Amino acid sequence: MIPATFDYEVAESPEHAIALLGDQEEAKLLAGGHSLLPAMKIRLARPSLLVDVGRLTELSYIREDGDRIAIGALTRHRDLHEDDLLKEHCPIVAYAAGLIGDPQVRHRGTIGGTLAHGDPASDLPAVILALDGELVVRGADGERTIPAGEFFEGVFQTAIAPAEMLVEVRLPKLGSQAGWSYLKLTRRAQDWATVAVAAVVQRSNGSIGQASIGLTNMGATSLRAATAEDAIAGGAAIEEAAALIAQGTDPPSDQLASADFRRHLIGVIGRRALEEAASR
Ligand code: FAD
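This structure is a prediction, so every number in the text was calculated from the model and none was measured.

Asks: Explain the overall build of the protein chain here, please?
Replies: What the protein chain contains, in helices and strands, is 11 helices and 14 strands. Expected size for 280 residues packed as a compact globule is a radius of gyration near 19 Å; at 19 Å, the protein chain falls within 12% of this value. Projected onto the principal axes, the alpha-carbon positions of the protein chain cover approximately 55 × 45 × 30 Å. For the protein chain, with 280 residues in total, the buried portion stands at 53%. Put simply, of all contacts in the protein chain between residues at least 6 apart along the chain, 61% involve residues at least 24 apart. In the form shown here, the protein chain has an accessible surface area of approximately 12,900 Å², with 47% of it arising from carbon and sulfur atoms. When the 26 basic and 38 acidic side-chain charges of the protein chain are each reduced to a single mean position, those positions are 6 Å apart.

Following this line, the structure appears as structure tokens:
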């Protein structure tokens, strides 16, 4: 339970952090530390240098940017949960952030850390996927924007290059015809999700014409339920579409649930999430 030896530097700006990252191949950013430090203690991660970005308050913000909401990477889960702009324009993010861990975890963990970590059991990746968000990463040569659908590449693997830093998350504002739901199934209160569903739907004339469905803990990455989404777009009823939600997934078997049980559960809570989104 003791990490391997590492060096430690405090970054004074995002540029300073990026320069420090470029200095050593095995350097890693330290944000809230609530995923990285446990991984270091079991030697799953062995960075040679920790670049502490936790004090970069300029990357902690939630603001309007035209028809989008921009969120700084160092924004803590607790601030996402409490924020009025998010509650008005992207309420699914504020709601899901309030379901992460316990108050201590929410006061330390950051949106940038949870997305960059690439854990398929984390809550916010499926939400950002369902919203078709964009992630802005910065390196020595400038910034690039990555659609959420291209960001998650494997277990603990994302499209962020080793000497890049995630600096901002951009989300479209949900319009008045949008409905949403995030349903997280846990064995005990404050647990990680056994499975979870993020549903964002567009309503017209009392029915849903389009749905974006993000899935938590149903494969090597958070993912979209593309078959079920196509069914909704083709006019299928919620129950019919929900029966297709597990298609294309490859859930793990672990102490919480077998892969087969996860496929069953995701159909059940997927139907409930779509029903809630349609009526909310
Ligand atoms: P860190 O641990 O500091 O970093 C994680 C990884 O991301 C590291 O590799 C780091 O180098 C990298 N990184 C961090 N910031 C950046 C950046 N800006 N750019 C590029 N790379 C970066 N999460 C859930 O979703 N749901 C839960 O129910 C949940 N329960 C938890 C319960 C406990 C007891 C604990 C300890 C954690 C739990 N978490 C849960 C995880 C929590 O949300 C973490 O805080 C989060 O996953 C990581 O955020 P962090 O800021 O702590 O990142």
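Asks: Even after reading the chapter, I still don't get the sheet that holds strand E1 (residues 7-10), so can you show me in this structure?
Replies: To summarise the sheet geometry, strands pair through backbone hydrogen bonds and adopt either a parallel or an antiparallel arrangement. Here three strands make up an open sheet; going across it, the order is E1-E3-E2 and the pairing parallel. The strands lining the two open edges of the sheet, one partner per strand, are E1 and strand E2 (27-30). Pairs of neighbouring strands in the sheet enclose a mean axial angle of 25 degrees, with direction left out of account. As defined by bridge partners, E2 adjoins strand E3 (residues 49-52) across four bridges and the pair is classed as parallel. From the neighbouring strand, Ala 27 faces E3, where its bridge partner is Leu 49. Set on the sheet, helix H1 (residues 14-23) makes contact with E1, E2 and E3; between it and E2 the angle comes to about 150 degrees.

Asks: Would you mind showing me how to read the site of the ligand here?
Replies: Close to the ligand lie 29 residues, the nearest being Leu 29, Gly 33, Leu 36, Thr 110 and Asp 123. Between Leu 29 and the ligand, the recorded distance is 2.5 Å, taken from a backbone N or O atom to an oxygen atom. Gly 33 places a polar main-chain atom, nitrogen or oxygen, 2.7 Å from an oxygen atom of the ligand. Contact with the protein chains covers 90% of the free accessible surface of the ligand, which is 970 Å². The set of elements that each furnish at least two residues to the shell around the ligand consists of E2, helix H7 (111-117) and strand E10 (165-172).

Asks: Would you mind showing me how to read the packing of aromatic side chains here?
Replies: To describe a pair of aromatic rings, you give the distance between the ring centres and the angle between the ring planes. Enumeration according to the criterion identifies two aromatic pairs in this entry. The interplanar angle of 55 degrees and the centroid separation of 5.6 Å between the aromatic rings of Tyr 95 and Trp 180 together place this pair among those described as tilted. Linking Tyr 95 in helix H5 (residues 91-97) with Trp 180 in strand E11 (residues 178-185), this pair joins segments that are 85 residues apart in sequence. Ring centres of Phe 151 and Phe 152 lie 5.0 Å apart, and the angle between their planes is 85 degrees; this geometry places the pair in the edge-to-face category.

Asks: Help me understand the pattern of salt bridges in this model?
Replies: Close approach of charged atoms allows side chains with opposite charge to pair. Counted according to the given criterion, the structure contains 17 salt bridges. In this structure, Arg 188 engages Asp 191 in a salt bridge whose closest nitrogen and oxygen atoms are separated by 2.8 Å. Owing to a relative accessible area of 58%, Arg 188 belongs among the exposed residues under this scheme. Classification of Asp 191 by relative accessible area gives buried; the value is 14%. Taken together, the salt bridges that share partners define one network made up of Glu 15, Arg 138 and Glu 143.

Asks: Could you clarify how one ought to interpret unusual backbone geometry in this entry?
Replies: The phi torsion of most residues other than glycine is negative, and most of the peptide bonds are trans. At Phe 156, a position not held by glycine, the phi torsion is positive, near 60 degrees. Within the secondary structure, Phe 156 is located in the loop between strand E8 (152-154) and strand E9 (157-158). The phi angle at Asn 217 is positive, at roughly 65 degrees, despite the residue not being glycine. For Asn 217, the position within the fold is in the loop between strand E13 (207-216) and strand E14 (223-224). Given a relative accessible area of 8%, Asn 217 falls into the buried group.

Asks: Would you explain the nonpolar core in this entry?
Replies: In a soluble, globular protein the nonpolar side chains are often hidden away together inside. Val 53, Ile 71, Leu 86, Ile 92, Leu 115 and Met 165 are the most contacted members of the largest nonpolar core, which has 59 residues in total. It is helix H8 (residues 124-130) that provides the largest number of residues to this core, a total of six residues. A domain-level breakdown of this core finds at least three residues from each of domain 1 (1-174) and domain 2 (178-279). Discounting chain neighbours no more than four positions away, the residues touching Met 165 are Pro 14, Ala 17, Ile 18, Leu 29, Val 53, Leu 56, Leu 59, Leu 74, Val 136, Val 137 and Arg 138.

Asks: Explain the pairing of strand E4 (residues 62-65) to me, please; I cannot follow it from the model alone.
Replies: When a strand is regular, its side chains alternate between the sheet's two faces. Pairing of E4 with strand E5 (residues 68-72), which is carried by four bridges, proceeds in the antiparallel orientation. Residue pairing in the sheet places Asp 65 in a bridge with Arg 68 of E5. Counted along the chain from E4 to the antiparallel partner E5, the turn is two residues long, and its residue Gly 66 has a positive phi close to 65 degrees.

Calculation criteria
Residue indices follow the written sequence of each chain, beginning from 1 at its first position. Predicted model: local features are reported for residues with pLDDT of at least 70 only, side-chain atom pairs are reported and counted for 80 or more only, and whole-chain, interface and lining totals are derived from all residues. Hydrogens are left out, water is left out, and the side-chain values use all remaining heavy atoms of the structure. Secondary structure counts use DSSP, requiring at least four H or I residues in a row for a helix and at least two E residues in a row for a strand, with both numbered from the N terminus. Our radius of gyration looks at C-alpha atoms and nothing else; its globule reference is 2.2 Å times the residue count to the power 0.38. Burial classes follow relative accessibility: with a 1.4 Å probe on protein chains only, a residue under 20% of its type's maximum area counts as buried, one over 50% as exposed, and anything between as partly exposed. A contact between two residues is defined here by any heavy atoms of the two lying within 4.5 Å. Each accessible area is a Shrake-Rupley estimate made with a 1.4 Å probe; only the visible protein chains count as cover when residues are assessed. By the counting rule applied here, Lys and Arg register as positive and Asp and Glu as negative, while His and the ends of each chain are not counted. Throughout, a charge is located at the NZ atom of Lys, the CZ atom of Arg, the CG atom of Asp or the CD atom of Glu. Any two strands are treated as partners once DSSP identifies two or more bridges connecting them. To obtain an axis, a line is fitted to C-alpha atoms, over the contacting stretch when the element is a helix, and the angle between two such axes runs from 0 to 180 degrees between their N-to-C directions. Here a residue counts as near a molecule or strand whenever at least one of its heavy atoms sits within 4 Å of it. Within 3.5 Å is the distance limit for a polar contact, defined as a pair of N or O atoms, with the added protein rule that one can donate a hydrogen and the other accept it, and that residues adjacent in sequence qualify only through two side-chain atoms. Whether two aromatic rings pair depends on their centres lying within 6.5 Å, for rings of Phe, Tyr and Trp, where Trp uses its six-membered ring; planes under 30 degrees apart make the pair stacked, over 60 edge-to-face, and the rest tilted. Between Lys or Arg on one side and Asp or Glu on the other, a salt bridge is scored when a side-chain nitrogen of the former is within 4 Å of a carboxyl oxygen of the latter. In this description, a nonpolar core means a group of buried Ala, Val, Leu, Ile, Met, Phe, Trp, Tyr and Cys residues linked to one another through side-chain atoms lying within 4.5 Å. Start and end points for every domain follow an automatic or database-based domain assignment.

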